[in-house]
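# Coordinate analysis (summary)
Residue strings, one per chain:
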Amino acid sequence: MRRSARTAVIKPRFRPVRTAWDGHMPAPGAAAAAKGPMGTLGSTGPIASFVRFVACGGGVGVASSGALLLLTNWLSIAVANAIVTVLGTLLCNELHSRITFRKGAAGWRVHAESTGTAVVAYLFTTGAMLALEAAAPHAGALTIQAVYLAAQGLAGLGRFVVLRLVVFARPKSRTATATATATGTPRPELVIAA
């Protein structure tokens, strides 16, 4: 029997379609889904960084508050706050560089810029403590602690914003952006069988 041209068998050539399910491509948003909506504490996102900032800064702040209370027995509130602020700032700069923003050991530039934010915090907390002393000269230890911690918390929030957006901001590299754009997520091949 002879085959006619119309009944010829056409052998289609199929190429496998690569999908996220067979492990050849990452699923879109897989990394974000693994972290959850707010990221992980190990990430450098703003929420995770803020949690670490509060833990580091809050720990040093509580220790500073106790040290301030002790030092005011021998020194004026302004001098005691200056000593506590300087020592707390050096410790916080290092903790924020290493833990909060994951940048490694703090260099001179980081210490200088972060200290600038600490000077503003010092002026703010000292102003709050001097205002308390003027308003209630015989305030108890609990009131002094409450005012100091509240002032330090507000100053700390302002510091976080400046540190994240200015001191520890990562400059966007043109080559990194170009590489990400060029390598982007590959699209699956679409094969149509004839």
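Quick look at the structure, then. Sequence positions are assigned chain by chain, starting from 1 and proceeding in written order. In view of the model being predicted, local features appear only for residues whose pLDDT reaches at least 70, and side-chain atom pairs are presented and counted only at 80 or more, with totals across whole chains, interfaces and linings using the full set of residues. Only hydrogens and water are set aside when side-chain values are computed; all heavy atoms of the structure are taken into account.

## Description of the pattern of salt bridges
Heads up, the rule is: Within this document, salt bridges are pairs made up of a side-chain nitrogen of Lys or Arg and a carboxyl oxygen of Asp or Glu, the two lying within 4 Å of each other. Helix and strand assignments follow DSSP, with helices taken as H or I runs no shorter than four residues and strands as E runs no shorter than two, numbered in order from the N terminus. Note on classification: 1.4 Å probe, protein chains only; a residue is buried when its accessible area is under 20% of the maximum for its type, exposed when over 50%, partly exposed between these limits.
One pass over the full model with this rule turns up two salt bridges. Between Arg-98 and Glu-94 there is a salt bridge whose closest N-O contact spans 2.8 Å. Placement of both Arg-98 and Glu-94 in helix α3 (residues 77–100) is noted, with a separation of four residues, approximately one turn of the helix. The exposure class of Arg-98 is partly exposed, given its relative accessible area of 48%.

## Describing the packing of aromatic side chains
Selection criterion: Two rings belonging to Phe, Tyr or Trp (six-membered ring only in the last case) form a pair when the distance between their centres is within 6.5 Å. Interplanar angles under 30 degrees mark stacking, angles over 60 mark edge-to-face geometry, and anything in between is tilted.
For the structure on display, the rule yields five aromatic pairs. The interplanar angle of 20° and the centroid separation of 6.0 Å between the aromatic rings of Phe-101 and Phe-160 together place this pair among those described as stacked. One end of the pair, Phe-101, is in the loop between α3 and α4 (108–135); the other, Phe-160, is in helix α5 (residues 141–167), and 59 residues separate them in sequence. Per residue, the accessibility class of Phe-101 equals that of Phe-160, and both read buried. Seen in terms of ring centroids, Phe-101 and Phe-168 are 4.7 Å apart; in terms of plane orientation they differ by 15°. Their pairing is stacked. In this pair, Phe-101 sits in the loop between α3 and α4 while Phe-168 sits in the loop between α5 and α6 (174–183), placing the two residues 67 residues apart along the sequence.

## Structural notes on α4
The following threshold applies: One fewer than the residue count of a helix, multiplied by 1.5 Å, yields its expected span. In this description, contact between two residues means that some pair of their heavy atoms is separated by no more than 4.5 Å.
Here α4 contains 28 residues, and its C-alpha end-to-end distance of 40 Å stays within 8% of the 40 Å for a straight helix at 1.5 Å per residue. Residues Val-110, His-111, Ser-114, Thr-117, Ala-118, Ala-121, Thr-125, Thr-126, Met-129 and Leu-132 constitute the buried set of α4. Where α4 is buried, its residues contact α2 (46–71), α3 and α5.

## Remarks on the nonpolar core
Here is the rule we go by: Among buried residues, those of type Ala, Val, Leu, Ile, Met, Phe, Trp, Tyr and Cys that are joined through side-chain atoms within 4.5 Å constitute a nonpolar core.
Formed by Phe-53, Phe-101, Ala-106, Val-110, Phe-160, Leu-163, Val-167 and Phe-168, the largest nonpolar core amounts to eight residues. The element contributing the most residues to this core is α5, with three residues.

## Description of the side chain of Arg-159
Condition: Note that His is not counted, nor are the chain ends; the positive residues are Lys and Arg, and the negative ones are Asp and Glu. Under the rule applied, a polar contact is a pair of N or O atoms within 3.5 Å (in protein, one hydrogen donor and one hydrogen acceptor; residues adjacent in sequence only if both atoms are side-chain atoms).
When you line up the elements, Arg-159 lands in helix α5. For the buried Arg-159, no salt bridge exists, and the shortest N-O distance to an oppositely charged side chain is 11 Å, to Glu-113. Within the local environment of Arg-159, its side chain forms a polar contact with the side chain of Ser-114, the two groups lying 2.9 Å apart. A distance of 2.9 Å separates a polar atom in the side chain of Arg-159 from a polar atom in the side chain of Thr-117.

## Quick word on a nonpolar patch on the surface
Heads up, the rule is: Patch criteria: residues need more than 30% relative accessible area and no salt bridge. Like-charged residues are merged within 9 Å; nonpolar side chains of Val, Leu, Ile, Met, Phe, Trp and Tyr are merged within 5 Å. Areas reported here follow the Shrake-Rupley algorithm with a probe of radius 1.4 Å; residue values treat only the protein chains shown as occluding.
Taken together, the side chains of Leu-70, Trp-74, Leu-75, Val-79, Ile-83, Val-86, Leu-87 and Leu-90 present a nonpolar region at the surface, about 790 Å² in accessible area. The leading source of residues in the nonpolar patch is α3, at five residues. Checked against the element boundaries, Leu-90 lands in helix α3. Overall, Leu-90 belongs to the partly exposed group, its relative accessible area being 46%.

## Things to note about the packing of α4 against α5
Which entries qualify depends on this criterion: Interaxial angle, 0 to 180 degrees, is taken between N-to-C directions of lines fitted to C-alpha atoms, where a helix line uses only the stretch in contact. Orientation is classified from the angle alone, with under 35 degrees giving roughly parallel, over 145 giving roughly antiparallel, 65 to 115 giving roughly perpendicular, and any other angle giving oblique. In this scheme the handedness of a crossing depends on how the near helix is turned from the far one: anticlockwise by less than a right angle means left-handed, clockwise means right-handed.
In the contact formed by α4 and α5, the axes pass within 9 Å of each other and the chain directions differ by 155°. Here α4 is positioned roughly antiparallel relative to α5, judged by the angle of their axes. Crossing of α4 against α5: the hand is right-handed. Residue-level contacts link Arg-109, Val-110, Glu-113, Ser-114, Thr-117, Ala-118, Ala-121, Phe-124, Thr-125, Ala-128, Met-129 and Leu-132 of α4 to Thr-143, Ile-144, Val-147, Tyr-148, Ala-151, Gln-152, Leu-154, Ala-155, Arg-159, Val-162, Leu-163 and Val-167 of α5.

## A word on the side chain of Thr-100
For Thr-100, the location among the structural elements is in helix α3. Looking at Thr-100, the relative accessible area reads 0%, which means it is buried. Apart from the residues lying within four places of it in its own chain, the contact partners of Thr-100 are Ser-49, Arg-52, Phe-53, Cys-56 and Leu-95.

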